[in-house]
Amino acid sequence: MMATEPVLVTVELRFTTDEDPQQLAERVRESVGLIVGRDRLEDFRVRVLPLTPPKKPRAV
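All values derive from a computational prediction rather than experimental measurement. (Residues numbered from 1 in each chain as written. Predicted model: local features only at pLDDT ≥ 70, side-chain atom pairs only at ≥ 80, totals over all residues. Heavy atoms only, no water.)

Just to check I follow, could you spell out the overall build of the protein for this structure?
When helices and strands are counted, the protein shows 1 helix and 0 strands. Against the globule reference of 10 Å for 60 residues, the protein gives a C-alpha radius of gyration of 17 Å, more extended than a compact globule. Considered along the principal axes of its C-alpha atoms, the protein spans approximately 60 × 25 × 15 Å. The burial tally for the protein puts 7% of its 60 residues in the buried class. Accessible surface, the protein: about 6,800 Å² in total, of which carbon and sulfur atoms supply 55%. (Helix = DSSP H or I, 4+ residues; strand = E, 2+ residues; numbered from the N terminus. Rg over C-alpha atoms; globule rule 2.2 N^0.38 Å. Buried < 20%, exposed > 50% of the residue type's maximum accessible area, 1.4 Å probe, protein only. Areas by Shrake-Rupley, 256 points an atom, 1.4 Å probe, with all protein chains shown as cover.)

This is the structure we're talking about:
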């Protein structure tokens, strides 16, 4: 395998779940760490958005 210059890779992933999103995020973080090496994981962000509308209407 030829040596190359380091690059920064961004992967976006979206999925729906009924499980705890923080627990799933931690499992994904661990998996990525195993694949690329824990010391190479530059940034890991989790954003959770509800799929149901708010129960109360917002005040205008």
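Let's pick the thread back up.
Would you take a moment to explain helix α1 (residues 21-36) for this structure?
Each α-helix turn comprises 3.6 residues. Residues three or four places apart therefore point the same way. Compared with the 22 Å implied by 1.5 Å per residue over 16 residues, the 22 Å span of α1 between its first and last C-alpha is a close match. For α1, the full list of buried residues reads L24, A25 and G33. With a side-chain oxygen lying 3.2 Å from the backbone nitrogen of Q22, the N-terminal cap of α1 falls on D20. Just beyond α1, the residue with positive phi is G37, at close to 105 degrees. (Expected span 1.5 Å × (residues − 1). Polar contact = N/O pair within 3.5 Å; in protein donor to acceptor, adjacent residues only side chain to side chain.)

How should I be thinking about the environment of P53 in this particular structure?
Along the chain, the position of P53 falls in the segment after α1. Sequence separation of P53 and F15 is 38 residues, and the distance between their C-alpha atoms is 18 Å.

Can you walk me through the environment of V32 in this structure?
The topology assignment puts V32 in helix α1. Non-local contacts of V32, meaning those with residues more than four positions away in its chain, are made with G37 and L41. (Contact = heavy atoms within 4.5 Å.)

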